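# Structure at a glance
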Amino acid sequence: MTVSLVVIMFELTGGLELVLPVMIVVLASKWVAELVDGRLSIYEQHIELNQYPFLDPKLEVSFPARAISVISQQQLQVLTEKGYTMA
C-alpha cells in the first residue's frame with residue numbers, strides 16, 4: 001500500500017524525478033517500523049490507543065445463528081409510499 005501511495009502522490013504532483021528516492025525512503029521506513037513493532041500498523045495502534053471499536057480482519061469470526069432464524073423471529077413491516085411498496 002505504501003508504494004501505491006507514493007506513485008499516486010507523484011502522479012498528482014507531477015514530480016516524477018523524485019519517485020525512486022522517495023520510494024526507497026518510504027520502504028526503508030516501513031521496514032524499520034515493522035522491525036520495531038511488527039504486530040500492528042500505526043493505524044491499528046491509534047485505534048487501540050483511542051479504544052475505538054475495530055473488527056480485526058485477521059481474526060476468524062463466526063456467528064452461530066443462521067439468517068433465516070433471526071429474520072423469522074421478527075415481524076416484518078411494509079412501508080408504503082404513493083402506492084409503491086418498500087420492504
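The model shown is predicted, which means the values in this text are computed figures rather than measured ones.

Confidence in the prediction of the protein, expressed as mean pLDDT, is 77, and 84% of residues score 70 or more. Ranking the elements of the protein by mean pLDDT puts strand S2 (residues 84-86) last with 60 and helix H2 (residues 19-36) first with 84.

It is worth spelling out unusual backbone geometry at this point. Glycine aside, a negative phi is what most residues show, and trans is what most peptide bonds show. With a phi close to 55°, Gln-51 is a non-glycine residue in the positive phi region. For Gln-51, the position within the fold is in the loop between helix H3 (42-50) and helix H4 (67-72).

Now for the layout of surface pockets. To locate leftover empty space, one rolls a probe as large as a water molecule over the atoms. Taken as a whole, the largest pocket spans an internal volume of roughly 480 Å³. Taken together, 14 residues line the largest pocket, and the ones lying closest to its centre are Lys-30, Ala-33, Ser-41, Ile-42 and Tyr-43. Every element with two or more residues in the lining of the largest pocket is listed here: helix H1 (2-13), H2 and H3. The greatest single-element share of the lining of the largest pocket, amounting to 4 residues, is contributed by H2. Among the residues making up the lining of the largest pocket, the classes are represented as 6 nonpolar, 5 polar and 3 charged.

Reading guide: rules and limits
- Residues numbered from 1 in each chain as written.
- Predicted model: local features only at pLDDT ≥ 70, side-chain atom pairs only at ≥ 80, totals over all residues.
- Heavy atoms only, no water.
- pLDDT = per-residue confidence, 0-100.
- Helix = DSSP H or I, 4+ residues; strand = E, 2+ residues; numbered from the N terminus.
- 1 Å grid on protein atoms, 1.4 Å probe; cavity = no way out; pocket = protein on both sides within 12 Å on 5 of 7 lines; lining within 4 Å.
- Points joined across faces, edges and corners; volume = space filled by probe spheres on them.
- Nonpolar A, V, L, I, M, F, W, Y, C, P; charged D, E, K, R; others polar.

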